[in-house]
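The residues making up each chain are set out below.
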Amino acid sequence: MASEIIKQIADYLVAAEVEKREVFKVTKTIKPDLTVEEAYQAQEILVQKKLDEGHRIVGPKMGLTSKAKWDQMGVSEPIYGYVFDYMLIDNGGVLPFSDLIHPKVEAEIAFLIGEDIEGPGITGAQVLAKTEYVLPALEIIDSRYENFNFTHMDVIADNASTSRVVFGNTLRKPSEFDLELVGATLSINGQIKELGAGAAVLGHPANAIAVLANMLARKGEKIKKGEIILSGALTSAVLLRVGDFISGKFDGLGEVTFSVGE
Ligand code: 0L1
Ligand code: MG
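So, here's what we can say about the structure. Just so you know, these numbers come straight off a predicted model, no measurement behind them.

Comments concerning the pattern of salt bridges
A full pass over the atoms with the stated rule returns 14 salt bridges. Among the salt bridges present, the one from D116 reaches K222, with a minimum N-O distance of 2.9 Å. Residue D116 is found in the loop between β5 (104-113) and α5 (124-129), and its partner K222 is found in the loop between α7 (205-217) and β10 (228-233); the two are separated by 106 residues along the sequence. Taking the relative accessible area as the measure of exposure, D116 reaches 33% and is therefore partly exposed. One salt-bridge network, held together by shared partners, links K31, D33 and E38.

Looking at the site of ligand 1
Around ligand 1, the neighbouring residues are K61, G63, L64, K69, E106, E139, I141, F148, F150, V155, A160 and S161. Separating an oxygen atom of ligand 1 from a side-chain N or O atom of E106 is a distance of 3.0 Å. Considered on its own, ligand 1 offers 300 Å² of accessible surface; in the complex 95% of this is hidden by protein. Counting atoms within 2 Å of the grid points, the majority share of ligand 1 lands in the largest pocket. At the level of elements, β1 (57-63) and β6 (131-141) are the ones that each hand at least two residues to the shell around ligand 1. Among the residues forming the shell around ligand 1, the class breakdown is six nonpolar, two polar and four charged.

Considering the packing of aromatic side chains
Working definition: an aromatic ring pair is given by the centre-to-centre distance plus the angle between the planes. Applying the stated criterion across every chain, the model contains four aromatic pairs. Between Y40 and Y80, the aromatic rings sit 4.5 Å apart at their centres with planes inclined by 20°, giving stacked as the arrangement. Of this pair, Y40 sits in helix α3 (residues 36-52) while Y80 sits in strand β2 (residues 79-84), placing them 40 residues apart in sequence. Residue Y80 is classed as buried on the basis of its relative accessible area, which comes to 3%. Seen from their ring centres, Y145 and F150 are 6.2 Å apart, and the 55° between their planes marks the pair as tilted. Summarising the burial analysis for this pair, Y145 and F150 share the class buried. The side chain of K28 reaches across the aromatic face of F24, ending 4.7 Å from its centre. Over the face of the ring belonging to F148 we find K104, whose NZ or CZ atom lies 4.0 Å from the ring centre.

So, how was this worked out
- All chains use their own residue numbering, which begins from 1 and follows the written sequence.
- Labels are handed out in written order, letters beginning with A for the chains and numbers beginning with 1 for the ligands.
- This being a predicted model, a pLDDT of at least 70 is required before a residue's local features are given, and a value of 80 or more before pairs of side-chain atoms are given or counted; all residues contribute to the totals for chains, interfaces and linings.
- With hydrogens and water excluded, all non-hydrogen atoms of the structure serve as input to the side-chain values.
- One side-chain nitrogen of Lys or Arg within 4 Å of one carboxyl oxygen of Asp or Glu is enough to make a salt bridge.
- Numbering goes from the N terminus for both helices and strands, where a helix is a DSSP run of H or I of at least four residues and a strand is a run of E of at least two.
- The buried label goes to any residue with under 20% of its type's maximum accessible area, the exposed label to any with over 50%, and the partly exposed label to all in between, with areas taken from a 1.4 Å probe on protein chains only.
- Put simply, a residue is near a molecule or strand once any heavy atom of it comes within 4 Å of that molecule or strand.
- Pairs of N or O atoms within 3.5 Å make up the polar contacts considered here, provided that, within protein, one atom can donate a hydrogen while the other can accept it, and that residues adjacent in sequence are counted only when both atoms are side-chain atoms.
- The Shrake-Rupley method, run with a 1.4 Å probe sphere, supplies the accessible areas, and residue values consider only the shown protein chains as cover.
- Here the term cavity refers to a set of points on a 1 Å grid, laid over the protein atoms alone, in which a 1.4 Å probe fits but cannot get out; the term pocket refers to an open set having protein on both sides within 12 Å along at least five of seven lines, with lining residues being those that place an atom within 4 Å of a point.
- Think of it this way: if more than half of a molecule's atoms are within 2 Å of a pocket's grid points, that molecule is in the pocket or cavity.
- Each residue gets one label: Ala, Val, Leu, Ile, Met, Phe, Trp, Tyr, Cys and Pro are nonpolar, Asp, Glu, Lys and Arg are charged, and the others, such as Gly, are polar.
- Any two of the Phe, Tyr and Trp rings considered here, Trp counted by its six-membered ring, make a pair once their centres fall within 6.5 Å; the pair's planes then place it as stacked at under 30 degrees, edge-to-face at over 60, or tilted in between.
- Any Lys NZ or Arg CZ found within 6 Å of a ring centre and within 35 degrees of that ring's normal is scored as a charge over the ring.

Quick look at the structure:
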């Protein structure tokens, strides 16, 4: 049973998202000694609030999946959050900037899950065997914290900065190619800003989904058939501005685009 202070953290972060305003990190304002377990409790309350409002979960997502990010943040484990239906933007669509605080975009590979995946002990190979399709995606992250300034615990409570997602239209069987070798470029207004490969995500994007299954198992949950799961960024995240046209091009998986409107 979550304490009042954990509920207060969830309320604080939901209000920041709804009111589109940045806030100081909760480890500064509410609970300096917040633990990882408590941060996930706050995230669960935040997720439940969205479900109670009638929103639907598209799937969990993985974040902080590169060694470089772990070293930067002094952690050694990725985090997860949840993507909801209201966060989806059509491929080629428009992201209204005024809906968000300070959005950034990153290129990812998503997994459409064909069979439930229940940890512990799940491997990347088992994930691939239970994946129906992979597809390209652009994730728009929008930390509710001032200047994306947070600790590992803060960002977990903030639903891993999850904000919007654009999925591509090309669905491929994962057996058709080597996902760790899939390259991607992220361009803004025709200029390549970032590039990367699937191997940037824990050596292979399927490994990130395996880690997710094993993390969910700690609280008796599993990855479910039909979920579409972001596996983590192949590229660094790039700050967006009104008027930007964003294109992510993925080897063998096509292009994903959107524009930033007012
Ligand atoms: O999807 C992600 O990797 C975001 C995780 C949180 C880190 C950030 O907001 O930069
Ligand atoms: Mg991401």
